[in-house]
Amino acid sequence: MNEVAAELAREEAYTGRPLKRVEDAALLTGRGRFIDDLPSSAGTLHAAILRSPHAHAELVSIDAAEALKMAGVAAVITRKDVTALTRPFTVGVRQPMQHWCLAVDRVRYVGEPVAVVLARDRYLAEDALDAISVEYRPLPPVIDPERAARADAPLLHPDVGANVVSDRSFAYGDPEAAFAEAPHVVGTTIRYPRNSVTPIECFGMIADWRPDDGTYEITTHFQGPFALHPVMALALKVPGTKVRIRTPPDSGGSYGVKQGVVPYAVLMAVAARVAGRPVKWIEDRLEHLSAASSATNRVTRIEAAVAEDGRVTALRYDQLEDCGAYLKAPEPATLYRMHGTLTGAYQIPNLTVRNRVVLTNKTPTGLNRGFGGPQVYYALERLMHRIADELGLDRLEVIRRNLVPKEAMPYRAAAGSLYDSGDYAATVDLAIGEGRLVGLLARREKARKEGRLYGIGFAAVVEPSVSNMGYITTVLTAEEREKAGPKDGAVASATVALDPLGGVSVAVASTPQGQGHRTVLSQVVADVFGLRPEDVSVTVELDTARDAWSIAAGNYSSRFAAAVAGTAHLAAMRLRDRLAPIAAQRLNVPAEEIVFSGGKVAARSNPENSLSFHRLAGASHWSPGTLGDGVDPALRETAFWSPPELAAPDRGDVINSSAAYGFIFDMCGVEVDRDTGKVSIDRYVTAHDAGRLLNPALADGQVRGAFANAVGAAFYEEFAYGEDGRCLNGTFADYLVPTACEVPEPEILHMACPSPFTPLGAKGIGEGNCMSTPVCLANAVADALGVSDIDLPLSPAQVMALIEPNEPPPPHAAAVEAREPGRALSGEGTATIAATPDEIWRAILDPASLARLLPGCERLEAIDENTYAADVTVRVGPVTGRYTARVRLSELQPPHSLRLDGDGGGTLGTGSGTAWIVLQPADGSTRIEYRWEAEAGGKVAAVGGRMLESAARLLIRQMLQRLEVGAAPAAKRPWWRKHLPLGKGR
Amino acid sequence: MKPAPFDYIRAGSVDESLDALHELGDEARILAGGQSLAAMLNMRLVRPTALIDISGLRELDRAETRDDAIEVGAACTQAALSHRLSREGRHPLLEAALPHVGHYQTRSRGTVCGSIAHADPSAELPLCLMALGGEVLLRSRQKRRRVPAEAFFLGVISTACAPDEMIEAVRFPLPKPAYGYAFDEVSRRHGDFALAAFAAIAGPRTIRMAVGGVADRPVSREWPMLEGAALDDALNAFAWELRGQDDQHATAAYRRGLVRKVGRRVIEEAMRCRG
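Computed from a predicted structure; not experimentally measured. Numbering of residues starts from 1 in every chain and runs along the sequence as written. Chain A is the first chain written and ligand 1 is the first ligand written, with later ones labelled in order. Given that the model is predicted, a residue must reach a pLDDT of at least 70 before its local features are reported, and side-chain atom pairs must reach 80 or more before they are shown or counted; all residues, however, enter totals for whole chains, interfaces and linings.

Considerations on the nonpolar core
Residues and elements named next belong to chain A. Formed by 409 residues in total, the largest nonpolar core has its most connected members in V117 and A271. Ranked by the residues each element gives to this core, the list is headed by helix 18 (residues 559-587), at 16 residues. Residues within four places of A271 in sequence aside, it is in contact with A47, I77, V116, L118, A207 and V279. Linking buried Ala, Val, Leu, Ile, Met, Phe, Trp, Tyr and Cys residues through C-beta atoms within 7 Å yields a set, and such a set is a nonpolar core. In this scheme the burial state of a residue depends on its C-beta neighbours within 10 Å: 20 or more other such atoms mean buried, 12 or fewer mean exposed, and anything in between means partly exposed; the C-beta positions come from the backbone. Starting at the N terminus, helices and strands are each numbered in turn, a helix being any DSSP run of H or I of at least four residues and a strand any DSSP run of E of at least two. Any pair of residues counts as being in contact when their C-beta atoms, constructed from backbone geometry, are within 7 Å of one another.

The structure is reproduced here in C-alpha cells:
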C-alpha cells in the first residue's frame, strides 16, 4: 500500500487524473463495433423467436409444418431439440424445478421462448413465426408475490409443491433481547416495484457449432459473472473447453442486464447445431422489455428496536423476493448480495432476517445495476426517516447517531460485511457543509410559506463492490454448503505483455459495457512503467479459449476499479520486476537502483545512466540468449488476485459479501405541483467515498449515470403486469426511461478513504446512486406531502392520490357511471335496435347470422351445441389482427338474456371476453343492455395498452351496428338509425 | 420487429397515389412521415400489402393561408409548420402545441396531416383541429370532400377517411381578433403521449375547450362565459363526461383532476390572452 501510494504520488502519475475517455472518438463518430456490426460467415441463418402470449399455460402441441414449407426457412427449433441436446439450467437452490432454454412442458411468463425459426434473413424468419401454430391450455397465473406465497396459489412448478422455493431465517447478535428491551419499535412495509436499467443495445449473438471437434462458438456480449460459463457448458452437456465465448469490442450498455444472454446463448448454440450453420440473433425492443430480464420486486417488512435517543439496537427484516417464473442463475443472488450489509451505514449489532424467494408468472430476474441495494435501502432509509418522525427527533440527527464511527474501521457489520474504510460522519458534513443544508432548509421554509409543497430527503448508504462468489451460497444451509464444498473469493485476472518494439499491451477479464476500461487501464499501467497512457494499448474483447479468466470474471458488482484495475497494476508491477534485473545488467547497477520514468529506465543515483524503455522492453524478444544467468525473460505476465478477506459463509451464516464498501450520503429538495402531482427536483447533492478515484471524470460519469437510472426508478420506470400476467410495457412509450429533460445535474462531492484491501485503494462507485437516490427522493416527497407510506414509482397519478385522496363527485350521479380503478377492460351500455327481441334472438342463435354479427368473422363453424370455432380478423383503424377463436353462447333465457364468451389467439396475441346481454322489448324495438369484460394479452397489450379499452369499445360498437343490420327485418330498414348512447359503453 | 412484406409505391403525383388507392383500397396505406406508421409496420400491427409514399410530392408540401385558415398539405412536416408559424407569429395555439408533438427529431419527419390521419386520442394536432373547429380535406379519385373535425375523429385511431381516400390537407382556422388561445398538456416525460392535453379558446362571450388524452378522441365543449364556482362545476361535469380510463400511466380519477385544474388554468390563460 505504501509503495502504491508513493507510486501514485509521483508527479508524472496519470492515475487519479480526469483524463478524457479514449473510447469516445470511435463511439461518437459511428465507428463502434457492436455485436450487430460484426461480420458473420456466409450462410449465416437469422433467428426469430416465437414467444408465449400466455403468462401460464400447458404447451399442448407445436406444429411448424407450414413454417418449414416457406421459402428461405431452414429450420424450426422446438422443445424436442432442446430436450435432446441440452439439460435444464443449474438452479441455486435445492428444488426440483426445470428451466430449459425453450419452453418444454409449460410456459410460465409472457414472452417465454417457445420456438425459434431460422431463415435466410430476419424478415423471412418473422414471416414464418406467423405460420407456426401452438396449442396452449391456459392455467391460472399468479402475479402478485404475496398471493403466490399463499398455500392456495396456482403452482408454477408442481414438483416443488409451493411457489416459495427458499425460506431461510438468520439471527446475528441477540435481536430478540434487543427488541424486548427497546422502548420503541418502529416498522414499515415496502412494496418495491419491478424495474430495470435498460441498455440502448438489446441482446445479440452469433452462434456456431463445429462438428469436427464438437465446440460451440458463441460471440455475444456476455458480461459475466463467468461462473455462468460452467452453467452454459453443463446445460449444453459438454466440457467447459467446448464452449468458446467471445465478446465484441463495444457494448451498448448492460447495467447487469446482459447477464441475461445466457439462456439465449444456449438456445442459439443448439439452433446452430441443429441447422448445421451459424445462427445470428438480435433481440428487438419488444422482446427485451417483455422478456429479457428485470430487477426483482420485493415485499419487505422491516422493524427497528430503537432507544429513546433514536439509536437503533436491532433490525428485523422479513423479505419476500419475487424472482419471476424461474430461478435463473445466479438468482436468488439479488436477495443475498446485500446480506452482510443489511445494517447499512449503521452500527447496529443485532439483526434478524427471514428471506423467502417466491416465483410468479413474470419475466425471470437477474443482474441489474444496484443489484439488491435499491430494495434494501428503500426499506432501511424509509425506516430511519420514520424513526425520527415517530420519536419526534431530527431526521438527520437520527442518521448521524447511528452511523458507524471512523474509529471502528475496519468494521464488521452484524451479518458479516467487513467495512474496509470510511469516515461516514465527515462525508455527511461534507454534503451538508458550505451552506448546502441551511440553503435547503431556507428554500423549504420559503416555499411552504407560499403554500407550495416542498420536501427535503436524506439517505445514507454503504455501497458494496467486488462480490464474494460465496455470498450466494448463504441461501443454502450450512449442511448443504458443506456437501457442495466451499465457494468464496473474487478472482480477478489481468495480463500485461511487451511486444518486440517495446509496446505495452493490457488485457483483462472484465468485458466492459461502456465504463472506459481502456482509458483507466492505460493510466494505471503507464504509471508503473513511467510511460504515457497513449503508450499503453488495452484490448477489452475476451475469448474464453485464450484469455485468463476465472469464475468471478466479468463486468458486475462494480469490480473494475477495485479489483480489475488493481490486478492490472499487479501484473504490470510483476513485469516491471522482471525488467528491472535486465536493466540492472545493462546499466551496471543493482536492480533496486532501477527507476522507470519519462519513457526511460535509469539508475536512481545517476539518471544519465539510462536506456529507453522500448529497448529494454524488446530485449527479451530480440536477445533472450544474452539475458544472463538467473535472469528470466520479461515478455508477459498474468496476475490473478482475490482478496483474502472474502471467505465462504461460516456455520453461523456470517458472510463478508463484498471486498470493498464505499459510502454515500445524499440530500435533496423537491417540489410537488399541487395540480398535477408532478415532482421536480430542486437540488440534489450526492457525496461519495469510493476510496481512491482512478479517474475522477469517469467516476463522476458513473455517478451521473446511476443517478439518472435512479430518477427513472423513483418516478417513471416499472414493469407493470395485468392481473392475467400480460406485459404492459413493450415499448419505450410505455416503459418510461427518463431523458435529458427529466434528469437534473446532481452536485457531486468526493471524500477519499482508500481501501486497505484493494490493490490501488479504490472501491466501486457505479451502483451507489441506484441504491441511495430512489429512497432519498421518496423521503423528500414524503416530507413534502406529510405522508408516511409511499411506494415507487412516484408517478403523478400516485402522488396526486396522496395529495387529494377524494375528488368532487359527478354532477348528476345517474348521468355518469363511476368505476373503481383497475386495469381490467370492462364496461356496460345500452342500445336500442329496431327489431323485436325475438328477431334479435334468432339472429344471435343462428350460426349464419351470428357470423355476420361478429366483426371481422370470416368463418364460423359449430363444434358443439352453441359453441363455435371462428376465424376473425379484428380491425381497429389501420390495425388488423387475425384470431382463431372459440365462441360460446350460454345461460340462454330466450328471448330475454344470454351470455356470450369468446377467446382466441392470433398474430397479435391473445384475447378473451364475456358479454352479458339482456333484451327488453320497447315499442316494437328492443333495448339491449349489455355488460362486458375483456382481456387482451401478448403483443397488442404490450404495445397498445393505453388504447385497448377504447379499442374494445369500438369493437362492441361495430358489433351492435351489425346486430341492428342483421336482426332488423328488411321492412324496418333504413337501418342506419343511430339510437346511440352507444358511446356510453365503457 | 420487421414488417410483413409489402409493395412500395413512390407516388409521382397526387393523381397517381389516388389511382393506387382506388385500386388497392383497404390493402394500402399512405406513407408520409412514417413516425407512427413505421413503428406499427415493424410491430406488424398494420399489414398493408402496399405503401404509397407521398412524402416527395411537392404539391402537398405546403402550408398557406387560405380563406381565414392555415391550410397544411399532406407532405408538410410538423417542423416545417412550426418554423413557418414562429416566423410569422400568427397562430398562438398551434405555436404553443407544436413543441409538444413528439420530439424535435420526430417532428422533422412527422407530418401534420399524418398526425391527423393517425388520430391518436392523445395527439396534440387532432386536439387543436378540434378546438379550432378545423376541417379535413379528403380526396379520392372520384371526389373531394371537406369533413369538419367533429365528424372526422370516430374513435381510437379511427377516422372518417374511407379506404380509397387520402387526406390532401387540413385547415386550421386563423385566430380571431378579441379571442385568446392557450395550450398545455401534462405528460409523464417531455415528448410523451399526453395524459391529458388542453386547448382553450376564450372569446368575448364564450369559452371553448378541447381535451385530448382522456376520451377515445379529442372532445370539445363550449360554454358561455363562466367564472369561479360555475366554471369549476362546468369543468367537473366535463371531466366526468369524458369517461376517461385507467391505464398503466394514470388513473381515470387523475385525468379528471387534470381536466378540473389544468383545464381551468389553460382557460384562464386563454382569457388573459384575449386581444
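Structural notes on the domain arrangement of chain B
Residues and elements named next belong to chain B. Each domain span listed reflects an automatic or database assignment of domains. Domain parsing of chain B yields domain 1 (7-53), domain 2 (62-173) and domain 3 (181-272). Its C-alpha centre places domain 1 at a distance of 18 Å from the equivalent point of domain 2. In this assembly, 13 residues from domain 1 lie in contact with 17 residues from domain 2. Tallying contributions element by element places helix 1 (residues 14-24) first for the side of domain 1 that touches domain 2, with five residues. Amino acids outside the nonpolar list (Ala, Val, Leu, Ile, Met, Phe, Trp, Tyr, Cys, Pro) and the charged list (Asp, Glu, Lys, Arg) are all regarded as polar, and Gly is one of them. For the side of domain 1 that touches domain 2, the class distribution of residues is four nonpolar, seven polar and two charged.

Overview of the interface of chain A and chain B
Interface size is commonly expressed as the accessible surface area that is lost when the partners come together. Taken together, the contacts link 50 residues of chain A with 44 residues of chain B. Among the elements of the structure, helix 5 (122-129), helix 10 (285-291), helix 22 (796-803), strand 32 (879-893), helix 25 (939-944) and helix 26 (948-967) of chain A are those that each provide at least two residues to the side of chain A that touches chain B. Top contributing element to the side of chain A that touches chain B by residue count: helix 26 of chain A, with five residues.

Concerning the sheet that holds strand 14 (residues 219-224) of chain B
All names here are of chain B. Pairing between strands requires that DSSP locate at least two bridges from one strand to the other. The strand order across the open sheet built from four strands is 11-12-13-14, with neighbouring strands paired in antiparallel fashion. Two strands lie at the open edges of the sheet, namely strand 11 (180-186) and strand 14, each paired on one side alone. Averaged over all pairs of adjacent strands, the angle between strand axes in this sheet comes to 15 degrees, irrespective of strand direction. When strand 12 (residues 196-202) meets strand 13 (residues 206-212), the two strands line up antiparallel, connected through six bridges. Across the sheet, residue A200 finds its bridge partner in strand 13, namely M209. Note on geometry: axes are lines fitted to C-alpha atoms, helical ones only across the stretch in contact, with angles between N-to-C directions running from 0 to 180 degrees. Relative to strand 12, helix 10 (residues 252-272) is tilted by about 30 degrees, and along the sheet it contacts strand 11, strand 12 and strand 13.

Re the packing of helix 20 (residues 696-715) of chain A against helix 21 (residues 768-785) of chain A
Residues and elements named next belong to chain A. Close contact between helix 20 and helix 21 brings their axes to 8 Å; oriented N to C, the two are set at 45 degrees. The orientation of helix 20 relative to helix 21 falls into the category oblique. Both helix 20 and helix 21 take part in a crossing whose hand is right-handed. Taking contact as the criterion, the partners of V703, A706, F707, N709, A710, V711, A713 and A714 in helix 20 are, on helix 21, G768, N769, C770, T773, P774, L777 and A778. When its residues are assigned to classes, the contact of helix 20 with helix 21 shows 11 nonpolar, four polar and no charged. Roughly parallel here means an angle under 35 degrees, roughly antiparallel means over 145, roughly perpendicular means 65 to 115, and every remaining angle is called oblique. Crossing handedness: left-handed means the near helix sits turned counterclockwise from the far one by under a right angle, and right-handed means the same turn made clockwise.

Observations regarding helix 9 (residues 261-275) of chain A
Helix length check: helix 9 of chain A (15 residues) gives 20 Å between terminal C-alpha atoms against 21 Å at 1.5 Å per residue, within 8%. Judged by how many residues are buried, helix 9 of chain A sits mostly within the fold: 15 of 15 residues are covered. Under the convention used throughout, the expected extent of a helix is 1.5 Å for every residue step, that is, one less than its residue count.

Topic: the confidence of the model for chain A
All names here are of chain A. One confidence number per residue, pLDDT, is output by the predictor and ranges from 0 to 100. Averaged over every residue, the pLDDT of chain A is 93; residues scoring 70 or more account for 96%. In this model, residues 817-823 is a region of pLDDT below 50 whose contacts with residues beyond four sequence positions or in other chains number 10 contacts. Every residue in residues 970-986 scores below 50 in pLDDT, and together they form 26 contacts with partners more than four places removed in sequence or on other chains.

Looking at the sheet that holds strand 27 (residues 679-689) of chain A
All names here are of chain A. Pairing is mixed in the open sheet, where four strands are placed in the order 18-26-27-28. Strands at the two margins of the open sheet, each flanked by one partner only, are strand 18 (453-467) and strand 28 (747-751). This sheet shows a mean twist of 20 degrees between the axes of neighbouring strands, independent of strand direction. Across five bridges, strand 27 lies against strand 28 in parallel orientation. Its bridge partner being in strand 28, V685 is matched across the sheet by E747. Helix 21 contacts strand 18, strand 26 (658-672) and strand 27 of the sheet and is inclined by roughly 160 degrees relative to strand 18.

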